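Commentary on secondary and tertiary structure
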Amino acid sequence: MSGAPTATGAASLLHEQGAQAWEAAIRHPMVGGIADGSLSHETFRRYFTQNVLYLEEYARAIGTIVGKAPDRSAVSLLTRFLGQIVENEIPANLSFLQRLGGDPDTAAGRGTMLPVTYAYTRHLLSVCSLGDCADGLTAVLPCQWSYGELARPLTAHPPDDPVYADWIGMFGNDDYDELVAQTTALLDRLVDSSDERKMSALSRIFDRSTRYEAEFWDMAYGQTSPAAAAEGGGS
């Protein structure tokens, strides 16, 4: 991949330091169910009811980082990253949701966040608002990066179910890989990986986002309903 992070760059070091949490996210049982087509459509539908809400806040977080970009090149790249979410992934998620039976509240923008969705998005918005560009980019990278990493191997033997095959294809492609390579390379450019204090702070951010990725799969894979979440203090 052109522009891929170097082995000693900040992005690769954060990835390596967070290997245990990373494996939990990309090898989650729900990912396995998508890979072989055994996941129930109702479970995948529940995932999309939350992921649409998540992506709307994820886009806001990326937009905040754009405003902190240090130069024209970074503004251009982060704007393309934002466009990928707003122009491609949110519409695709709504389309997948419709294919799986739909959800009128989510489609109308009235969906209810479950606690993990709320906590993860507030983590992203907080870091992106209070930190610098590198802090924010570190917070949003695990979502983008892990989806590309988990999907690419699955393209070799996609499941027969077209819903799952289409979802895998959305992330397991050269264009997506290239965008991930460019965003991770931007983090390498922004951060001196020999700065132990900065890397320690970024490691905590990266690890928290990665752990939320696994918890998001856990939430979607479970049986908690939005109504129950509302009683427990969702958004």
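Please read these numbers as outputs of a predicted model, since none were measured by experiment. (Residues numbered from 1 in each chain as written. Predicted model: local features only at pLDDT ≥ 70, side-chain atom pairs only at ≥ 80, totals over all residues. Heavy atoms only, no water.)

**Focus on the overall build of the chain**
Rule in force here: Secondary structure elements are taken from DSSP: a helix is a run of H or I of four residues or more, a strand is a run of E of two residues or more, and numbering for both begins at the N terminus. C-alpha atoms define the radius of gyration, and 2.2 Å times the number of residues to the power 0.38 defines the globule rule. A simple rule labels every residue: compare its accessible area, found with a 1.4 Å probe on the protein chains alone, to the largest value its type can have, and call it buried under 20%, exposed over 50%, or partly exposed in between. Every residue pair with non-hydrogen atoms within 4.5 Å of one another is taken to be in contact.
The helix and strand inventory of the chain stands at 12 helices and zero strands. In the chain, the succession of helices and strands from N to C terminus is α-α-α-α-α-α-α-α-α-α-α-α. For the chain, whose C-alpha radius of gyration is 17 Å, the value lies close to the compact-globule estimate of 18 Å for 235 residues. Referenced to the eigenvectors of the C-alpha coordinate spread, the extents of the chain come out at roughly 50 × 40 × 30 Å. The burial tally for the chain puts 50% of its 235 residues in the buried class. Within the chain, residue pairs in contact and separated by at least 24 positions form 81% of the contacts whose partners lie at least 6 positions apart.

**Quick word on the nonpolar core**
Operational definition: Only buried Ala, Val, Leu, Ile, Met, Phe, Trp, Tyr and Cys residues count toward a nonpolar core, and they belong to the same one when joined by side-chain atoms within 4.5 Å.
Membership of the largest hydrophobic core comes to 71 residues, with the highest contact counts inside it found for Phe44, Tyr47, Tyr58, Val140 and Trp167. Filtering out sequence-adjacent residues up to four positions away, Tyr47 remains in contact with Met30, Asn93, Tyr147, Trp167, Phe216, Trp217 and Ala220.

**Section: the pattern of salt bridges**
As a reminder of what qualifies: Here, a salt bridge means any side-chain nitrogen of Lys or Arg that lies within 4 Å of a carboxyl oxygen of Asp or Glu.
All told, the structure shown has 13 salt bridges when counted by the stated rule. Residue Arg189 is joined to Asp71 by a salt bridge in which the shortest nitrogen-to-oxygen separation is 2.7 Å. Taken together, the residues span a long stretch of sequence, with Arg189 in helix α10 (residues 174-190) and Asp71 in the loop between α4 (41-66) and α5 (72-99) at a distance of 118 residues. The partly exposed category is assigned to Arg189, whose relative accessible area is 46%. Looking at Asp71, the relative accessible area reads 26%, which means it is partly exposed. Across the pair Asp135 and Lys198 runs a salt bridge whose closest N-O atoms are separated by 2.8 Å. Note that Asp135 is positioned in helix α8 (residues 133-151) and Lys198 in helix α11 (residues 196-221), a separation of 63 residues in sequence.

**A short note on the side chain of Thr121**
Short version of the rule: Between N or O atoms, a polar contact is any pair within 3.5 Å; within protein, one atom must be a potential hydrogen donor and the other a potential acceptor, and residues adjacent in sequence are included only when both atoms are from side chains.
Tracing the backbone through its elements, the reader meets Thr121 in helix α7 (residues 115-130). Judged by its relative accessible area of 1%, Thr121 falls in the buried class. One polar contact links the side chain of Thr121 to the main-chain carbonyl oxygen of Tyr118, over a distance of 3.0 Å.

**Describing α4**
Using the following cut-off: One less than the number of residues in a helix, times 1.5 Å, gives the span that helix is expected to have.
For α4, which comprises 26 residues, the first-to-last C-alpha distance of 36 Å matches the rise-based estimate of 38 Å (1.5 Å per residue) to within 8%. The buried count for α4 comes to 20 of 26 residues, which makes it a mostly enclosed element.

**Remarks on the confidence of the model for the chain**
Quick note on the threshold: On a range of 0 to 100, pLDDT expresses the predictor's confidence in each residue.
Averaged over the chain, the pLDDT score is 93; the fraction of residues at 70 or greater is 91%. The low-confidence segment residues 223-235 (pLDDT under 50) makes 15 contacts with residues lying over four places distant or belonging to another chain.

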